[in-house]
Amino acid sequence: MTKYIKTIWLEIHVRIKSKTKMFCSCTNAVALAEEPNMNVCPVCMWFPGMLPALNKEVVRLWMIGWMMMWCEINKLSRFDRKTYFYPDNPTAYQITQLYEPIVWKGSVKVIVEDQVREFAIHHMHLENDAWKLVHAGGKTLCDFNRAGSPLMEIVTDPVFHEKEEVMEFLKELQKLMRAAWVSDADMEKWQMRCDVNISVALEWAKEWWNRTETKNVNSFSAIWRVIDHESKRQIKIVEAGWVVDQETRWWDDDSGTSRTQRSKEDAMDYRYFPEPDLLPLVLDDAFIAEARATLPELPIEKRLRYLNEYKLSADDARILTVTRELSEYFDELVRLTGDAKKSCSYVTTILLAMINESDEINSVEELKFDIKELARVIELVNKDELSSTNSKQVIEELFINWGEADIIVDENNLRQKNDTWALELIVDEVITTNSKQVEEYKAGNVNIFWFLVGQCMKASKWQWNPKIFNELLKKKLW
Ligand SMILES: [Zn+2]
């Protein structure tokens, strides 16, 4: 069977979450805006004669973003004007960077199928977003809320060959942006979107066929399907004896297909020229050093630390590093308990499940109880003063009504007693009342043992430690 190799590279737009827009003091539309045209002014509506003034905070966040990707910085960069006509852009140009972007090459480390891999970034630049067109009632309306919102465009090298690599890369990029508080990079909220370039070639061939660029890909699942769909489409064309057109395609997520948007022949001439309204951007060493000082630990470094030092599973390490806040919460819990494994299991299986089900609390930052109380619950379990079954009840109570773990344990009579004499009485009672089962056990049916432990727990109203019943029963039935 003929073997094909896919080559993929990405152009990713990330919306920076600065407080104000790129060139004016209007509130930046980080999330989807509440009402149209609320956060606008003559500058971001591009009224004639208005001049843009570059927002320092945008540059700072942007620098932190590229530092997380190990990019080379250009202390001197310039803005360019990209000319195009489209109804979402009444000025007919966009301010971007082409010839001297602020950073060049960088890389992102990613874990793909348990292997650490490094994928190269070709370059990154800063540009402003266009406005949004809303089609309603046979009319098209303009919403300027996101006009002038700062975007970071990240262009990778042609380094991906499998969709798994692309997915892990994008997830890592999302984590980097979130960890550095540069962007929430939520694809559903249009904070991150992606154009996917694909070219397929025969495995032994030295050259690719023409490439296509698929635009409008706004979810992880859509990217997955685009790669499948487009590589199959290209293979089909070549196997039929045709040539793949170099073109821009538009993805329709509802039908799961793409269509030609623009072919190479009518490729746009953007007529780039230096932006006359902005001075070159010069970054001084102190400003760069200040930004560097705020860098958090890279999510992948955290993940490797969890795997290698804490011996957590790959899945748990991945889940705990989804957001910086979650990993910092987990780190603090480990610091308090000294027990990474148990801290991990309490966070991933109990706490995150409760957050998932809750309408009010959506993340660990919103938890109302002190983290010390969760640490105390784990300590009580480790000391056998609280059963792991009952610990869930205590955490539920903390989750809803806050308070202190010890008080909840005592008020609900959950503290396990380890009084051997009282326990022996219970064990004797269970042995007497279940004589038939005891005989079966002695005859070799070992599973009965757990039934007897259960009977002891029941008789003790679940207040005692099952480990002790286990030992006492073994001793008495020997
Ligand atoms: Zn404005």
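None of these values were measured; they are calculated from a predicted model.

A.B. asks: Looking at this structure, I do not really get helix H2 (residues 163-179). What am I missing?
C.D. replies: Structural remark: α-helix, 3.6 residues per turn; residues separated by three or four positions point the same way. Here H2 is 17 residues long and its end C-alpha atoms lie 24 Å apart, about the 24 Å a rise of 1.5 Å per residue gives. Here H2 lies mainly inside the structure; 14 of its 17 residues are buried. Trp-181 lies just past H2 and shows a positive phi near 55°.

A.B. asks: What's the story with the pattern of salt bridges in this structure? I'm lost.
C.D. replies: Pairing between side chains of opposite charge can happen when their charged atoms approach one another. On inspection of all chains with the given rule, the structure shows 37 salt bridges. Note that Asp-277 and Arg-81 form a salt bridge whose closest N and O atoms lie 3.5 Å from each other. Of this pair, Asp-277 sits in the loop between strand S14 (273-274) and strand S15 (281-282) while Arg-81 is found in strand S3 (residues 80-83), placing the two residues 196 residues apart along the sequence. Given the relative accessible area of 30%, Asp-277 is considered partly exposed. Take Arg-81: its relative accessible area is 13%, and that puts it in the buried class. Close ionic contact of Arg-335 with Glu-332 constitutes a salt bridge, the shortest N to O distance being 2.9 Å. Of this pair, Arg-335 and Glu-332 both sit in helix H7 (residues 324-337), three residues apart, which is roughly one turn of the helix.

A.B. asks: Please clarify how the nonpolar core should be interpreted in this entry.
C.D. replies: Soluble, globular proteins show a tendency: their nonpolar side chains are buried together. Residues Leu-10, Ile-12, Met-69, Met-152, Phe-169, Val-196 and Ile-223 are the most contacted members of the largest nonpolar core, which totals 71 residues. Filtering out sequence-adjacent residues up to four positions away, Met-152 remains in contact with Ile-12, His-13, Val-14, Ile-16, Trp-62, Gly-65, Met-69, Met-124, His-125, Met-177 and Val-182. Of all hydrophobic cores here, the second largest spans 39 residues; its members include Tyr-306, Leu-312, Ala-340 and Phe-369.

A.B. asks: How should I be thinking about the side chain of Ser-343 in this particular structure?
C.D. replies: Turning to its location among the elements, Ser-343 is positioned in helix H8 (residues 340-357). A polar atom in the side chain of Ser-343 sits 2.7 Å from the backbone oxygen of Asp-339. Those residues in contact with Ser-343 that lie beyond four places of it in its chain are Phe-330, Leu-333, Val-334, Thr-337 and Ile-378.

A.B. asks: How do you make sense of the coordination of the zinc ion when you look at a structure like this?
C.D. replies: Around the zinc ion, the protein supplies Cys-24 (SG), Cys-26 (SG), Cys-41 (SG) and Cys-44 (SG) as donor atoms, at distances of 2.3 to 2.4 Å. Relative to the metal, the four donor atoms surrounding the zinc ion lie at angles of 100 to 114°, and the coordination shape comes out tetrahedral. For the zinc ion, the donor residues sit on a single chain with the sequence spacing C-x1-C-x14-C-x2-C. The same class applies to Cys-24 and to Cys-26, which are both buried.

A.B. asks: Where do I start with the sheet that holds S3 in this structure?
C.D. replies: Two strands in a sheet stick together by hydrogen bonds in their backbones, pointing the same way (parallel) or opposite ways (antiparallel). Strand order in the open sheet formed by three strands is S4-S3-S14, and the pairing between neighbours is antiparallel. The sheet is open, and its two edges are formed by strand S4 (93-96) and S14, each paired on a single side. In this sheet, S14 lies alongside S3 in antiparallel orientation, the contact comprising two bridges. Each residue of the ladder has a partner; that of Arg-81, found in S14, is Phe-273.

A.B. asks: In this structure, what is going on with empty space enclosed by the protein? I would like to understand it.
C.D. replies: Empty space among the atoms becomes visible once a probe the size of a water molecule is rolled across them. Applying the stated rule across the entire model yields two cavities of 30 Å³ or more. Put simply, the largest cavity is a space of about 40 Å³. Surrounding the largest cavity, Met-68, Trp-70, Ser-107, Val-108, Lys-109, Leu-176, Leu-298 and Ile-300 form its lining. No other element matches strand S5 (residues 106-112), which puts three residues into the lining of the largest cavity.

A.B. asks: Looking at this model, I keep getting lost on the layout of surface pockets. Mind explaining?
C.D. replies: Its volume calculated, the second largest pocket comes out at about 680 Å³. Contributions of two or more residues to the lining of the second largest pocket are made by H7 and H8. Both domain 1 (4-290) and domain 2 (297-411) contribute no fewer than three residues apiece to the lining of the second largest pocket.

A.B. asks: Please clarify how the sheet that holds strand S12 (residues 247-252) should be interpreted in this entry.
C.D. replies: With respect to topology, eight strands assemble into an open sheet ordered S5-S6-S9-S1-S10-S11-S12-S13, the strand pairing being mixed. Two strands bound the open sheet, and with one partner strand each, they are S5 and strand S13 (257-263). Here the average twist between neighbouring strands, direction ignored, is 30°. Across six bridges, S12 lies against S13 in antiparallel orientation. Paired with Trp-250 across the two strands is Arg-259, which belongs to S13. The strands that helix H1 (residues 56-67) touches are strand S6 (115-128) and strand S9 (150-156); relative to S6, the one it contacts most, it runs at about 160°.

Reading the values: rules and limits
- Residues numbered from 1 in each chain as written.
- Predicted model: local features only at pLDDT ≥ 70, side-chain atom pairs only at ≥ 80, totals over all residues.
- Heavy atoms only, no water.
- Helix = DSSP H or I, 4+ residues; strand = E, 2+ residues; numbered from the N terminus.
- Expected span 1.5 Å × (residues − 1).
- Buried < 20%, exposed > 50% of the residue type's maximum accessible area, 1.4 Å probe, protein only.
- Salt bridge = Lys/Arg side-chain N within 4 Å of Asp/Glu carboxyl O.
- Core = buried A, V, L, I, M, F, W, Y, C linked by side-chain atoms within 4.5 Å.
- Contact = heavy atoms within 4.5 Å.
- Polar contact = N/O pair within 3.5 Å; in protein donor to acceptor, adjacent residues only side chain to side chain.
- Donors = N, O, S within 2.8 Å, 3.2 Å for Na, K, Ca; no water.
- Tetrahedral: all angles 85-135°; square planar, octahedral: opposite > 155°, others 65-115°.
- Pairing = 2+ DSSP bridges.
- 1 Å grid on protein atoms, 1.4 Å probe; cavity = no way out; pocket = protein on both sides within 12 Å on 5 of 7 lines; lining within 4 Å.
- Points joined across faces, edges and corners; volume = space filled by probe spheres on them.
- Domains from an automatic or database assignment.
- Axes fitted to C-alpha atoms, helices over the stretch in contact; angles between N-to-C directions.

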